[in-house]
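Below, each chain spelled out in residue letters.
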Amino acid sequence: VGKKVQAIYLWWHKPVIDKELLQSLPNLKVIANSGVGMDHLDLKLVASFGVKMANAPRAVSSTTADNGMALLLASARRLVEVHNISVSPSLEYCEADILGVKVAGATLGIIGMGSIGYKIALRAKAFEMNILYHNRTQRKAQEEQAVGATYCKKIDSLLQQADFVMVVVSLTPQTHKLIGKRELELMKPTATLINISRGAVVDQEALVAALQTGVIRAAALDVTSPEPLPRDHPLLKVKNIIITPHLGIKTDKAAYMITEEAVENILAALNGLPLPSEVLPS
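Residues numbered from 1 in each chain as written. Predicted model: local features only at pLDDT ≥ 70, side-chain atom pairs only at ≥ 80, totals over all residues. Heavy atoms only, no water.

Q: Describe the pairing of strand 4 (residues 107–111), and please don't skip the residues or the numbers.
A: Burial within strand 4 is extensive, with five of its five residues counted as buried. Taken together, the five bridges between strand 4 and strand 5 (residues 130–134) define a ladder with parallel strand orientation. Bridge assignment links L108 to a residue of strand 5, and that residue is I131. Where strand 4 meets strand 7 (residues 164–167), four bridges bridge the pair, whose relative direction is parallel. Each residue of the ladder has a partner; that of L108, found in strand 7, is F164. (Buried < 20%, exposed > 50% of the residue type's maximum accessible area, 1.4 Å probe, protein only. Helix = DSSP H or I, 4+ residues; strand = E, 2+ residues; numbered from the N terminus. Pairing = 2+ DSSP bridges.)

Structure follows, in structure tokens:
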């Protein structure tokens, strides 16, 4: 049926798009992805076959931003830890010194102020947080004013000031291990790292060491490399961390909207129209 296939809808990176598959589909016109990140695709390879590509940014930005704030709040108030204490069969009373971190008035540093990062800023403003952001390009003044965000041209300045650092960048060769030993040591010892982008954006070995030695207070990760982590991975043994299994887009409404957006892009490609969410190789 290879000659009949004109479109592929990727769900959770499946099927794997390689040269062999592309060669077997001579009439393929478009690949639509169920999410924003395209790091699982060789964009130049796909483009060399004359195939267009699209992602689903509109569908996922709000639900991913919700997830980022959920991780921030859960880490700040140690919700996983206190839940486990609360349901423990041996619990007689709760220790009075299980103290969390106040979110209101704290400084949030957002690394990557695209559509998701900006919606995180909107939510953080409602929590009365001070907002810093680092991005390849500075947002318009009115956009900054709307969320009360301050631009940090250099990532170092953001890392040194933030109480919570939220990573929301795409995985590229430039962002691979963007947060490593040096960057973690620039953060406050009371700071929390939250990663909702891709696992490989953070040097996980450096993060383990930073959490074990008190370089930073805590971490909350919705993404790891690989996913899931091997069951003997040291990150799974660290106490001051929350790990969730890439839940960013996993809500009922988001899944429906992603499919709608993918279909919209596929139909546009098949009818020779501009793709609403086309992704071009860089």
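Q: Give a description of the environment of I249 that names residues and reports values.
A: For I249, the position within the fold is in the loop between strand 10 (241–243) and helix 10 (252–270). Classification of I249 as buried rests on a relative accessible area of 14%. Each C-alpha atom of the pair I249 and E95 lies 36 Å from the other, and the pair is 154 residues apart in sequence.

Q: Explain the packing of aromatic side chains residue by residue, including any values.
A: A complete count under the given rule lists two aromatic pairs for this structure. A ring pair is formed by Y9 and W11, whose centres lie 6.2 Å apart and whose planes are at 65°; its orientation type is edge-to-face. A relative accessible area of 41% means that W11 is categorised as partly exposed. (Phe/Tyr/Trp six-rings, centres within 6.5 Å; stacked < 30°, edge-to-face > 60°.)

Q: So, the pairing of strand 9 (residues 218–221): which residues are in play, and what are the values?
A: Residues A218 and A220 of strand 9 are buried on one face, and the alternating residues A219 and L221, pointing to the opposite face, are buried as well. Looking at chain direction, strand 8 (residues 192–195) and strand 9 are connected through four bridges and run parallel. Residue pairing in the sheet places I194 in a bridge with A220 of strand 9. Handedness of the crossover is the feature at issue here: the chain leaves strand 8, passes through helix 9 (residues 204–213), returns alongside strand 9, and the resulting connection is right-handed. As paired strands, strand 9 and strand 10 are joined by three bridges and run parallel to one another. When the sheet's bridge partners are listed, A219 is paired in strand 10 with I241. (Right-handed = clockwise from strand over helix to strand, strands pointing away.)

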